[in-house]
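# Descriptive structure summary
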Amino acid sequence: TSGARPLQDLAGLRVVVTAGGTREHLDPVRFLGNRSSGRQGWALATTALARGAEVDLVAANVALPPPAGARVVPVRSAADLHAAVLGLARGADVVVMAAAVADFRPVRTEQAKIKKSGTAAPTIELEQTEDVLAGLVAARAAGELGAPVIVGFAAETGDAEADVLTHGRAKLARKGCDLLVVNEVGDGPRSTGFESADNAGVVLARDGSEQVVAPGPKEALADVVWDRALALLPDRAG
Ligand code: CTP
Ligand code: CA
């Protein structure tokens, strides 16, 4: 960034940000993955650093250069990310789960490359991964973490059941986090996200308030997340 030194309103805070997308390996060369580039997590890290925070950045398969000043912890799978985040969250002031974490992984990961045989195709059996965000909420409730503000991200497509916001509100209630940033993904006209430098969304809070963030740089959405998280921290607001 250039120009005036930004307000150091996150000085003294330690934040954990997850970024990118996890990979669940079938064999040494193949994995189940997703389209997350890590850009939103990177924007969260750079804005937090600019505002004076100490940043632990848990990066799942991100190809971007590391933000100067962040402590970057590279991870590959959902299980790796889970272990890294639970370790770092202890004593953190804010944890932002911007990573796209796989919901399912192969029950078995082959040690050698899976070979074709004849015309048959294998059936890949999957199991659920750990829900890191739910684990954080549970650990906080059990008094194991301190009291960090916990922020989730939900990339949604509308479907026959409900629109994007309805899904988001239900997810906030189900997950029990403090803030949930909902954005529409896919190929629809209002979709942003993934490889884009821009993002748009609605920040849903546990108190029922909803803040719309117009399409713009991922840093703008990131700054709204830090504003809202700061307001939830005891003794810090104002
Ligand atoms: N998340 C997580 N661990 C998982 C899956 C998701 O911590 N195994 C986090 C994501 O990082 C995100 C939030 O949960 O911050 C919401 O992710 P999302 O995939 O939208 O929610 P799910 O509960 O997995 O629901 P869905 O069935 O819609 O995928
Ligand atoms: Ca999911």
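The name given to the protein in an unreviewed UniProt entry is Coenzyme A biosynthesis bifunctional protein CoaBC, with the source organism recorded as Motilibacter deserti.

The calcium ion (ligand 2) binds to the protein through D103 (OD) and D103 (OD), with metal-donor distances spanning 2.4 to 2.5 Å. For D103, the position within the fold is in the loop between strand 6 (94-97) and strand 7 (104-106).

Within the largest apolar cluster, 34 residues are counted, with the highest numbers of intra-cluster contacts made by V15, L44, V94, V151 and W226. Among the secondary structure elements, those contributing two or more residues to this core are strand 1 (14-20), helix 1 (39-50), strand 4 (54-60), strand 6, strand 9 (149-156), strand 10 (179-184), strand 11 (198-205) and helix 5 (218-232). Tallying contributions element by element places helix 5 first for this core, with seven residues. Once you skip the residues sitting within four places of it in the chain, V151 turns out to touch V94, V95, V96, M97, L133, L179, V181 and V225. Among the nonpolar cores identified, the runner-up in size contains 28 residues, and A84, A139, V164 and C177 belong to it.

All right, on to the UniProt feature "binding site: CTP" (unreviewed entry) in the protein then. The sites that UniProt annotates as "binding site: CTP" (unreviewed entry) are D103, K113, F153, K171 and K175. A stretch of 73 residues holds the annotated residues, and the largest C-alpha distance among them is 37.6 Å, long enough that they do not meet in one place. Mapped onto the fold, K113 is located in the loop between strand 7 and strand 8 (126-128). Residue position: K171 is located in helix 4 (residues 164-175). Here K171 is in contact with A154, E156 and L180, once residues within four sequence places are set aside.

On to helix 4, then. For helix 4, with twelve residues, the first-to-last C-alpha span of 16 Å sits near the 16 Å given by 1.5 Å per residue. Of the surrounding elements, those touching the buried residues of helix 4 are strand 9, strand 10 and strand 11. A positive backbone phi angle near 75° is found at G176, which sits one or two residues after helix 4.

As for its position among the elements, V55 is in strand 4. When the C-alpha positions of V55 and V72 are compared, they lie 8.4 Å apart, and in sequence the two are 17 residues distant. Setting aside residues up to four positions removed in sequence, V55 forms contacts with V15, A45, A48, L49, A70 and R71.

Let's shift gears to the sheet that holds strand 12 (residues 210-217). Taken together, eight strands build an open sheet; the order of strands is 5-4-1-6-9-10-11-12 and the sheet is mixed. Every other strand in the sheet has two partners, leaving strand 5 (71-75) and strand 12 as the edge strands with one partner each. Neighbouring strand axes in the sheet, compared pairwise and without regard to direction, differ in orientation by 20° on average. The sheet contact formed by strand 11 and strand 12 spans six bridges and is antiparallel. Directly across from V202, in strand 12, lies its bridge partner V212. Against the sheet, helix 3 (residues 132-141) makes contact with strand 6 and strand 9, and its axis sits at roughly 155° relative to strand 9, the strand it touches most. Sitting on the sheet, helix 4 is in contact with strand 9, strand 10, strand 11 and strand 12, with an inclination near 155° to strand 10.

Conventions and cut-offs
Counting from 1, residues in each chain are numbered in the order their sequence is written. The naming scheme follows written order: chains are lettered A onward, ligands numbered 1 onward. With pLDDT at 70 or above as the cut-off, local features in this predicted model cover only qualifying residues; side-chain atom pairs require 80 or more to be listed or tallied, and sums for whole chains, interfaces and linings still use all residues. To obtain the side-chain values, all non-hydrogen atoms of the structure were included, while hydrogens and water were left out. Only N, O and S atoms count as donors, using a 2.8 Å cut-off from the metal and 3.2 Å for Na, K and Ca, and because water is excluded some sites may appear unfinished. Numbered from the N terminus, helices here are DSSP runs of H or I no shorter than four residues, and strands are runs of E no shorter than two. Throughout, nonpolar core names a set of buried Ala, Val, Leu, Ile, Met, Phe, Trp, Tyr and Cys residues whose side chains join them through atoms within 4.5 Å. For each residue, the accessible area found with a 1.4 Å probe, counting protein chains only, is set against the maximum for its type, and the residue is called buried under 20%, exposed over 50%, and partly exposed in between. Contact between two residues is taken to exist if any of their heavy atoms lie within 4.5 Å; hydrogens are not considered. UniProt positions are given in the numbering used here, feature names are shortened, and annotations may be inferred rather than shown by experiment. Between the first and last residue of a helix there are one fewer steps than residues, each counted as 1.5 Å, and that sum is the expected span. We treat two strands as partners when DSSP finds at least two bridges between them. Lines fitted to C-alpha atoms define the axes, with helix axes restricted to the stretch in contact, and inter-axis angles between N-to-C directions lie between 0 and 180 degrees.

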